[in-house]
Every structure is written in C-alpha cells, then in structure tokens.
Amino acid sequence: MLTPIVQQGFCLKFNNAAQRIFGNTVRPIVYVWETNTRGKPWSAEARLVETASGIEISFGIGPESATTKKKAKDIAAKSGFEWLGSQFPSVDLSDI
C-alpha cells in the first residue's frame, strides 16, 4: 500500500520563510475573519509582526477572500510567502 505524500501547506511555508529571513525578530501570523459577503464569507491576511522593541509593528499582506476559512488562510499565506520571496530574492526559499 502506498502512503500519500503530505504536501507542506502555505501557512508552514510562510512561517519557515519568515524565520529564515528574520530569525526570531519577526513573527508571521495569518489572521482569519468571517465577513458578510455571501459569495466569499471568509477573509484572511498574512502579517509580519515585529516585537523586538516591545512595540508591535504589523505589516499586512492581503486581505484575501474565499469560500472556506481554510482556503482564505492558505491564499493569504501563499501571498505572504510569495511577497517574502519577491522582497528578499537573495534568500533561497526553494527548499521550503
């Protein structure tokens, strides 16, 4: 019997990429909330939060909307991962 290969989700990729680039100085977070939009009731935003100085500075990437909570979260995390790759081309993220 073959065991299916579990692919890494974009939330994990976004987290790993942020850790590779920033170390422990910036936390990657994906916020998800329910909206009143009938066709796409879930929104999510990838954020990078810096807390080294004790002041939270949040940079949001998104928001993204989708029909399910998981899909909105994955789309936002993918946007965050792709944004990190575009902003830090010298950092190799191909193995994440």
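Overview of the structure. Nothing here was measured: the structure is a model prediction, and the numbers come from that model.

About the thresholds
Residues numbered from 1 in each chain as written. Predicted model: local features only at pLDDT ≥ 70, side-chain atom pairs only at ≥ 80, totals over all residues. Heavy atoms only, no water. Helix = DSSP H or I, 4+ residues; strand = E, 2+ residues; numbered from the N terminus. Expected span 1.5 Å × (residues − 1). Buried < 20%, exposed > 50% of the residue type's maximum accessible area, 1.4 Å probe, protein only. Arc of directions from axis to C-beta. Contact = heavy atoms within 4.5 Å. Core = buried A, V, L, I, M, F, W, Y, C linked by side-chain atoms within 4.5 Å. Phe/Tyr/Trp six-rings, centres within 6.5 Å; stacked < 30°, edge-to-face > 60°. Lys NZ or Arg CZ within 6 Å of the ring centre and 35° of its normal.

**Things to note about helix α1 (residues 10–22)**
- Given a rise of 1.5 Å per residue, 13 residues ought to cover 18 Å, and the 18 Å separating the end C-alpha atoms of α1 matches this to within 8%.
- By the burial criterion, the buried members of α1 are Lys13, Phe14, Ala17, Ala18 and Ile21. For α1, the angular spread of the buried residues around the axis is 130°, confining them to a single face.
- Looking at the buried side of α1, the elements it contacts are β1 (26–34), β2 (42–50) and α2 (69–87).
- Of the residues flanking the end of α1, it is Gly23, one or two places downstream, whose phi is positive at about 70°.

**Quick word on the nonpolar core**
- Phe14, Ala17, Val30, Leu48, Phe81, Leu84 and Leu93 are the most contacted members of the largest nonpolar core, which totals 18 residues.
- Counting residues per element, the ones that place at least two in this core are α1, β1, β2, β3 (57–66) and α2.
- Per-element tally for this core: the top contributor is α2, with five residues.
- In contact with Leu93, not counting residues within four places along its chain, are Ala17, Arg20, Ile21, Phe81, Leu84 and Gly85.

**Description of α2**
- With 19 residues, α2 extends 27 Å from end C-alpha to end C-alpha; this agrees with the ideal 27 Å at 1.5 Å per step.
- For α2, the full list of buried residues reads Ala72, Ala76, Ala77, Ser79, Gly80, Phe81 and Leu84.

**Notes on the packing of aromatic side chains**
- The full count for this structure, using the stated rule, is two aromatic pairs.
- Centre to centre, the rings of Phe10 and Phe81 are 6.2 Å apart; their planes meet at 55°, and the pair counts as tilted. Taken together, the positions of Phe10 in helix α1 and Phe81 in helix α2 put the pair 71 residues apart, joining distant regions of the chain.
- Judged by its relative accessible area of 25%, Phe10 is partly exposed.
- Phe81 sits in the buried class, given a relative accessible area of 15%.
- Taking the centre distance of 5.5 Å and the plane angle of 85° together, the rings of Phe22 and Phe88 count as edge-to-face. Placement of the pair is Phe22 in helix α1 and Phe88 in the segment after α2, with a sequence separation of 66 residues.
- In this structure Phe22 comes out as partly exposed when scored by relative accessible area, which is 23%.
- Here Phe88 falls in the partly exposed class, since its relative accessible area comes to 26%.
- Lys13 extends its terminal NZ or CZ atom over the ring of Phe10, reaching a point 5.1 Å from the ring centre.

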